[in-house]
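Coordinates in review
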Amino acid sequence: MPERAAPRAWSEDLAGRSPPQGAVPDSASAVSSPSDPAAAGDDAGASTAPAPGGEGDPLSPHRDARLGSTDKELKAGAAAAGSSPTALGTPWQRELRVEVMDPGSVGSISRRFQSPRFRPSTPVVIRGPLVAGWGRGLLGLVFPAGGARSQLPRPCRVLVLLNPRGGKGKALQLFRSHVQPLLAQADISFTLMLTERRNHARELVQVEELGRWDALVVMSGDGLMHEVVNGLMERPDWETAIRKPLCSLPAGSGNALAASLNHYAGYEQVTNEDLLTNCTLLLCRRLLAPMNLLSLQTASGLRLFSVLSLAWGFIADVDLESEKFRRLGEMRFTLGTFLRLAALRVYQGTLAYLPAERVVSQVPAPPSVERQDQQGPTDAHLVPLEEPVPPHWTVVPEQDFVLVLALLHSHLGSEMFAAPMGRCAAGTMHLFYVRAGVSRAMLLRLFLAMEKGRHMDYDCPYLVYVPVVAFRLEPKDGKGVFAVDGELMVSEAVQGQVHPDYIWMAGGCMEPPPSQKPQQGAPPGEPL
């Protein structure tokens, strides 16, 4: 069991206020110091620099024009009663146990606060998000107590894992101002845990008592969700642990998973606080949707799981080399793209894949004994890396590439609509690669057009797209780097297979037509 860190941060009330000056922390080690970037930079900043619209008031005047009709009725009803649903001391007030806890201190810090909670006499009907562009979204959804098995219950209790250093370092402030008030209105209580280092969330979910929570909410970039999913898959009870519903709230510099969920729900492409609001409302609606999971095997024997993508070459270089510009938010990727274009590289390797169209007619070979002993789902389409790929696979004849990208979802960033061809069918993923020989000018046009998903309109002969269920990539001489969900991985031979509908995410997803769904197996079961 990993060693747990001592408590660090303060417990806070639901209005997002820090404890009064001079108050005694829960333990000596809980005292924040100016040298602690999370405490001095995020906690202090959150209490002194509220987001526009006022902390704890998502329905502020400048947002009224963007409210759906039912949202306005809820607000009007609260005003008629003489108070706001998000103000302390309202007639709907009730005691709610909300724990704001430090990483490594599970169950050690909890306090009771008087919390506002909107409690109308009839079920709440949420008809649209608070931002523009909701017209194609899921309308008129009603979630009574208990709900269906594909919905979160009401009331609902979630564990929020938040990286206070992610993106521009404002995640905690954004949680207080944009997320917390909506959770209170939606009858969702929460425990907030702040991560302190790389792989901290991974360690926490490995030992967490998951039965305490209806869902795990991850507020950061895509890397933190990667940690959480891999931590769940490393548990002894991984088969049930991975069925715990997940929710992605964007607060990092790369928010591709959240942008994809926003797209699947039918919302227009938005960024920053609008994207965060949309994703929070998807959680408040409680609807769950199954998502694909990518299993990866490397030549060194490592097995890991991806919720978003594996990139090699240009995209991976931009992702990792722009890390130094993290405080710029998603602008870091634009800057990194221009810098890498100035010194464009060619990467040598061998790429092979199993096209989705060949899966129906090909029955996977039974897995070898050693692969059956491996924890996690069986990669029935893969053979050991030291063996050649099966004959029904496609081997790309070229060996000089600018980039290779295996993508599970529609977006590669909140403003990078990489896969406009639609949501992946269950058990498939998007595979893109760009062959060497493409000009810098064409590559730049492709990346600029990707914001609106128009890069495929260029019919660039160097850009190839194919839907696949499995792939193998073998770099030569270890050149280039891999980025898995935005996280660095050593350059070595790697192969992967998609497992259909393997995790459950909070989101109102539009299912693809049945004709586009070549199922390879059943999901692990209903969400827990």
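Attention here is on the structure that accompanies the text. Quick caveat: nothing in here was measured; it's all calculated off a predicted structure.

The next subject is the packing of aromatic side chains. If you walk through the whole model with that rule in mind, you get seven aromatic pairs. Between phenylalanine 175 and phenylalanine 190 the ring centres are 5.1 Å apart and the planes differ by 80°, which places this aromatic pair in the edge-to-face class. Taken as a pair, phenylalanine 175 in helix 3 (residues 171-185) and phenylalanine 190 in strand 6 (residues 188-194) lie far apart in primary sequence, 15 residues in all. The same class applies to phenylalanine 175 and to phenylalanine 190, which are both buried. An angle of 65° between the planes, with centres 6.3 Å apart, marks the rings of tryptophan 312 and phenylalanine 401 as edge-to-face. With a gap of 89 residues between them, tryptophan 312 in strand 11 (residues 309-313) and phenylalanine 401 in strand 14 (residues 400-407) connect regions that are remote in the sequence. Taken individually, tryptophan 312 and phenylalanine 401 each receive the classification buried, so the pair is uniform in this respect. Arginine 423 extends its terminal NZ or CZ atom over the ring of tyrosine 264, reaching a point 5.4 Å from the ring centre.

What follows deals with the nonpolar core. Grouped burial of nonpolar side chains is what soluble globular proteins tend to show. Residues Leu216, Val228 and Leu232 are the most contacted members of the largest nonpolar core, which totals 58 residues. For this core, the leading source of residues is helix 5 (residues 222-233), giving six residues. By size, the runner-up hydrophobic cluster in this structure holds 35 residues, among which are Val158, Ala171, Cys284 and Ala506.

So, on to the packing of helix 7 (residues 256-264) against helix 8 (residues 272-285). Contact pair helix 7 / helix 8: the axes reach a minimum separation of 10 Å and the direction vectors enclose 65°. Considered as vectors, helix 7 and helix 8 are oriented roughly perpendicular to each other. Crossing hand, helix 7 versus helix 8: left-handed. Where helix 7 abuts helix 8, its residues Ala258, Ala259, Leu261 and Asn262 lie against Leu275, Asn278, Cys279 and Leu282. Considered class by class, the residues forming the contact of helix 7 with helix 8 number six nonpolar, two polar and no charged.

Moving on, we come to helix 5. With 12 residues, helix 5 ought to run about 16 Å at 1.5 Å a step, and its terminal C-alpha atoms sit 17 Å apart, in line with that. Among all positions of helix 5, only Asp222, Gly223, Leu224, Met225, His226, Glu227, Val228, Val229, Asn230, Gly231, Leu232 and Met233 are buried.

Turning to the pairing of strand 8 (residues 246-250), a few remarks are in order. Working note: regular strand, side chains alternate between the two faces of the sheet. Most of strand 8 sits out of view: five of its five residues are buried. Taking every second residue as pointing to the same face, both faces of strand 8 are buried, with Leu246, Ser248 and Pro250 on one and Cys247 and Leu249 on the other.

What counts, and where the lines are drawn
Residues numbered from 1 in each chain as written. Predicted model: local features only at pLDDT ≥ 70, side-chain atom pairs only at ≥ 80, totals over all residues. Heavy atoms only, no water. Phe/Tyr/Trp six-rings, centres within 6.5 Å; stacked < 30°, edge-to-face > 60°. Helix = DSSP H or I, 4+ residues; strand = E, 2+ residues; numbered from the N terminus. Buried < 20%, exposed > 50% of the residue type's maximum accessible area, 1.4 Å probe, protein only. Lys NZ or Arg CZ within 6 Å of the ring centre and 35° of its normal. Core = buried A, V, L, I, M, F, W, Y, C linked by side-chain atoms within 4.5 Å. Axes fitted to C-alpha atoms, helices over the stretch in contact; angles between N-to-C directions. Parallel < 35°, antiparallel > 145°, perpendicular 65-115°, else oblique. Left-handed = near helix turned anticlockwise from the far one by under 90°. Contact = heavy atoms within 4.5 Å. Nonpolar A, V, L, I, M, F, W, Y, C, P; charged D, E, K, R; others polar. Expected span 1.5 Å × (residues − 1).

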